[in-house]
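Given next are the chains, with one letter for each unit.
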Amino acid sequence: MNREEAVLRELNLYPLWQQRGQPAPVMAPVEVPVTEKTAAGSDKGREQLVRELDWPKLKSMVSECTACGLRAGCTQTVFGSGDEQADWLFVGEGPGADEDAQGEPFVGQAGKLLDNMLAAIKLKRDKNVYIGNVVKCRPHDNRAPHADEIASCLPYLQRQIELVQPKLIVALGKTAADALLGRDDTIASMRGKLHDYRGIPLVATYHPAHLLRTPLDKAKVWEDLCMAVATMSATEK
Ligand code: SF4
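Residues numbered from 1 in each chain as written. Predicted model: local features only at pLDDT ≥ 70, side-chain atom pairs only at ≥ 80, totals over all residues. Heavy atoms only, no water.

(A) Highlighting the site of the ligand. Around the ligand, the neighbouring residues are Cys65, Ala67, Cys68, Leu70, Arg71, Lys136, Cys137, Ser152, Cys153 and Tyr156. Here the shell around the ligand takes three residues from helix H8 (residues 147–164), the largest share from any one element. Among the residues making up the shell around the ligand, the classes are represented as seven nonpolar, one polar and two charged. (Near = heavy atom within 4 Å. Helix = DSSP H or I, 4+ residues; strand = E, 2+ residues; numbered from the N terminus. Nonpolar A, V, L, I, M, F, W, Y, C, P; charged D, E, K, R; others polar.)

(B) Structural view of the sheet that holds strand E2 (residues 88–92). If you walk across this open sheet you meet the six strands as E1-E3-E2-E4-E6-E5, and the pairing is mixed. Looking at the sheet topology across the chains shown, the edges are occupied by strand E1 (81–82) and strand E5 (194–197). Across four bridges, E2 lies against strand E4 (residues 168–172) in parallel orientation. Across the sheet, Leu89 pairs through a bridge with Ile169, a residue of E4. Its contacts with the sheet place H8 against E2, strand E3 (129–133), E4, E5 and strand E6 (200–205), and it is angled at close to 170° to E3. Contacts from helix H12 (residues 218–235) reach E2, E4, E5 and E6 within the one sheet, and its direction differs from that of E6 by about 170°. (Pairing = 2+ DSSP bridges. Contact = heavy atoms within 4.5 Å. Axes fitted to C-alpha atoms, helices over the stretch in contact; angles between N-to-C directions.)

(C) Structural detail: helix H9 (residues 174–181). With eight of eight residues buried, H9 lies mostly within the body of the structure. Every buried residue of H9 is listed here: Lys174, Thr175, Ala176, Ala177, Asp178, Ala179, Leu180 and Leu181. The inward-facing, buried residues of H9 abut E2, H8, E4, helix H10 (187–190), E5 and E6. Just past H9, the residue Gly182 takes up positive phi, approximately 65°. (Buried < 20%, exposed > 50% of the residue type's maximum accessible area, 1.4 Å probe, protein only.)

(D) A look at the packing of H8 against H9. Direction vectors running N to C along H8 and H9 enclose 80°, while the axes themselves pass 11 Å from each other. By the angle between their directions, the pair H8 and H9 is classed as roughly perpendicular. The segment H8 lies against H9, with Ile150, Leu154, Leu157 and Ile161 engaging Thr175, Ala179 and Leu180. A per-class count over the contact of H8 with H9 returns six nonpolar, one polar and no charged. (Parallel < 35°, antiparallel > 145°, perpendicular 65-115°, else oblique.)

(E) Just the pattern of salt bridges, in detail. Summed over the entire model, instances satisfying the criterion amount to eleven salt bridges. Taking the shortest distance from any N to any O, the salt bridge between Asp184 and Lys174 comes out at 2.7 Å. Of this pair, Asp184 sits in the loop between H9 and H10 while Lys174 sits in helix H9; the two residues are ten residues apart in sequence, bridging distant segments of the chain. Given a relative accessible area of 42%, Asp184 falls into the partly exposed group. Among the charged side chains, a salt-bridge network with shared partners connects Lys174, Asp178 and Asp184. (Salt bridge = Lys/Arg side-chain N within 4 Å of Asp/Glu carboxyl O.)

Rendered as structure tokens:
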């Protein structure tokens, strides 16, 4: 067994199960970085309100939100799910077609892959794990959310993080890492090192949808997950 195969087996991802003939999800890069400037252009009154909400009110506000144009094109908002007092928080980009239909984050092929990633480090969704997205409404045609849409929706994720109080955040993909770290960098440049989100250690790695297209990057994700586990272990000492 070569190293790559060994890593994939460790990730519970071997043999690769991607269906032949199935188009891989399309994830375009964010067009404009989320900067303080774009954030300043959002509704400050709404941001202030969101910062004071408890879980039920936050869920209610998100379900009724029309703060950006994404709501008009989606079936329903996808709030996030899992253990609301989890140590682990995984953040993705936004709902895709399956998530939009079911109202749950990370279902479908990318969701199965995320479940395998969690299992590889002995985690399970809903058990000490919370899963959310940067935007709560599905962008048209699975495009990446625009900077103004991210700026409108980010206060909800920020409030979710305040309420969960995770010990560690794993940002899945460029959109999540950029949004939380206020950057515009590639995952290749952000992965492999520890970041800080408001005092919470943050590990950036590839989004499961990317891994469906580029399975060889699973070895890098495995390295990032191992770093996350080591970081979590250190916080518990
Ligand atoms: Fe509101 Fe976020 Fe949906 Fe935009 S994406 S309408 S900000 S919940």
